[in-house]
Amino acid sequence: MAVGVLSVQGAVREHLEALASLGVEARPVRTPQEIAASNALIIPGGESTTIGKLMARYGLLQPVRDLVAAGKPLMGTCAGMILMAKNIQNSAADQPSLTLMGITVQRNAFGRQVESFETDIEVKGIDGRPVRAVFIRAPIITAVNGDVEVLATHQGRIVAARQRNMLALAFHPELTDDSRVHEYFVKMG
Ligand code: GLN
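Residues numbered from 1 in each chain as written. Predicted model: local features only at pLDDT ≥ 70, side-chain atom pairs only at ≥ 80, totals over all residues. Heavy atoms only, no water.

1. Some points on the overall build of the chain
Rule in force here: Going along the chain from the N terminus, every DSSP run of H or I of four or more residues is numbered as a helix, and every run of E of two or more is numbered as a strand. It is over C-alpha atoms that the radius of gyration is taken, and the globule rule equals 2.2 Å times the number of residues to the power 0.38. Each residue's exposure class comes from its accessible area (1.4 Å probe, protein chains only) as a fraction of the maximum for that residue type: buried when under 20%, exposed when over 50%, partly exposed otherwise. Contact between two residues is taken to exist if any of their heavy atoms lie within 4.5 Å; hydrogens are not considered. Only the protein chains shown count as covering a residue, and every accessible area follows the Shrake-Rupley method with a 1.4 Å probe. Charge assignment: positive for Lys and Arg, negative for Asp and Glu; neither His nor the chain ends contribute. Here the site of a charge means atom NZ of a Lys, CZ of an Arg, CG of an Asp or CD of a Glu.
Helix and strand counts for the chain stand at six helices and twelve strands. In summary, the chain has a C-alpha radius of gyration of 15 Å against a globular reference of 16 Å for 189 residues, a match within 12%. Seen along its three principal axes, the alpha-carbon backbone of the chain occupies a region of about 40 × 40 × 30 Å. Expressed as a percentage of its 189 residues, the buried residues of the chain come to 53%. Considering only intrachain contacts with a sequence separation of at least 6, the fraction spanning at least 24 residues in the chain is 62%. On the chain, roughly 8200 Å² of surface is accessible, and the fraction owed to carbon and sulfur atoms is 47%. Considering the chain, the positive charge centre built from 19 side chains and the negative charge centre built from 18 side chains are found 6 Å apart.

2. Things to note about the site of the ligand
The following threshold applies: The nearness test applies per residue and asks whether one of its heavy atoms lies within 4 Å of the molecule or strand. Here a polar contact means two N or O atoms within 3.5 Å. Within protein one must be a hydrogen donor candidate and the other an acceptor candidate, and residues neighboring in sequence count only if both atoms are side-chain atoms. Basically, the charged four are Asp, Glu, Lys and Arg, the nonpolar ten are Ala, Val, Leu, Ile, Met, Phe, Trp, Tyr, Cys and Pro, and anything else, Gly included, counts as polar.
Around the ligand, the neighbouring residues are Gly45, Gly46, Glu47, Ser48, Cys78, Ala79, Ile82, Arg107, Asn108, Ile136, Arg137 and His172. The contact in question runs from a nitrogen atom of the ligand to an N or O atom on the backbone of isoleucine 136, over 3.0 Å. In the environment of the ligand, a nitrogen atom lies 3.0 Å from a nitrogen or oxygen atom belonging to the side chain of histidine 172. Coverage of the ligand by the protein chains reaches 95% of its 300 Å² of free accessible surface. Partitioned by chemical class, the residues of the shell around the ligand number four nonpolar, five polar and three charged.

3. Regarding the packing of aromatic side chains
How we decide: Classification of ring pairs uses Phe, Tyr and Trp, with its six-membered ring standing for Trp, and accepts pairs whose centres are within 6.5 Å; under 30 degrees between planes counts as stacked, over 60 as edge-to-face, and the remaining range as tilted.
A complete count under the given rule lists four aromatic pairs for this structure. On the numbers, 5.6 Å between centres and 65° between planes, the contact of phenylalanine 110 with phenylalanine 135 is edge-to-face. In this pair, phenylalanine 110 is assigned in the loop between β6 (101-106) and β7 (116-121) and phenylalanine 135 in strand β8 (residues 131-136), connecting sequence segments 25 residues apart. For the pair shown, phenylalanine 110 and phenylalanine 135 are each scored as buried. These aromatic residues form a ring-pair network of at least three members: Phe110, Phe117, Phe135 and Phe171.

4. Overview of the nonpolar core
As a reminder, the rule being used: For this analysis, a nonpolar core means a set of buried residues of the types Ala, Val, Leu, Ile, Met, Phe, Trp, Tyr and Cys, connected via side-chain atoms within 4.5 Å.
Residues Leu74 and Phe171 are the most contacted members of the largest nonpolar core, which totals 64 residues. Counting residues per element, this core draws most heavily on helix α5 (residues 79-84), which supplies five residues. Those residues in contact with leucine 74 that sit more than four places away from it in its chain are Leu41, Ile43, Val64, Leu67, Val68, Met84, Leu100, Asn165, Met166, Leu167 and Phe185.

5. Here's the deal with the side chain of serine 97
Structurally, the position occupied by serine 97 is in the loop between β5 (85-89) and β6. Judged by relative accessible area, serine 97 falls into the buried class, the value being 13%. Once residues within four sequence positions are removed from consideration, serine 97 is found in contact with Leu61, Arg65, Leu83, Ala85 and Ile88.

6. Thoughts on the pattern of salt bridges
This is how the line gets drawn: Here, a salt bridge means any side-chain nitrogen of Lys or Arg that lies within 4 Å of a carboxyl oxygen of Asp or Glu.
All chains considered together, the criterion is met by twelve salt bridges. For arginine 129, the salt bridge identified is with aspartate 178, shortest N-O distance 3.7 Å. Placement of arginine 129 in the loop between β7 and β8 and of aspartate 178 in the loop between β12 (166-169) and α6 (180-187) is noted, with a sequence separation of 49 residues between them. The salt bridge involving aspartate 147 is made with arginine 164; its shortest N-O contact spans 2.7 Å. Here aspartate 147, found in the loop between β9 (140-144) and β10 (149-154), pairs with arginine 164, found in the loop between β11 (157-163) and β12; they are 17 residues apart in sequence, far enough to count as distant. Its relative accessible area of 42% is what places aspartate 147 among the partly exposed residues. Judged by relative accessible area, which is 51%, arginine 164 ranks as exposed. Through salt bridges with shared partners, a single network forms among Arg13, Glu14 and Glu17.

Written as structure tokens, this is what we have:
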């Protein structure tokens, strides 16, 4: 299966490398046609307002919604998770978003004092040792609706969730050499 990594802004190369380490075909995508030709899609971390505006400008929002409607897996990490959420707290008023997943997210939820940190967390569906999670100016999920399943929490705050073929993570699994989250995602297809 060919996994597309949305390549308009943000941490693209690390996701491509994580997928390559699993032997999964992966490529950067930045056009509606390339998104439509993907069997699964990752929206990386970066700056969600910038990514959203570029997606709107290049006509990429609807192709991603169509991919999800077709049952193909979508994973968003950090800024990508923000863009998937139906509700975004403290977002710029003109922030374009996919409005796909029944979660409410709060941007930059760990505040200025703790911009970045790493910790081990248990992720439902990933067996064995805990997952090393890298948080960078990370959002959290403050509410889940409908058939959203919480997969991980950190200090009581929701940092990973799944709704059918959509996977949202507040942290960056692509920044460690543990590819089990990517493996979990690929198996959703
Ligand atoms: N703070 C960023 C935002 O709100 C997300 C940070 C990240 O993706 N590492 O868009």
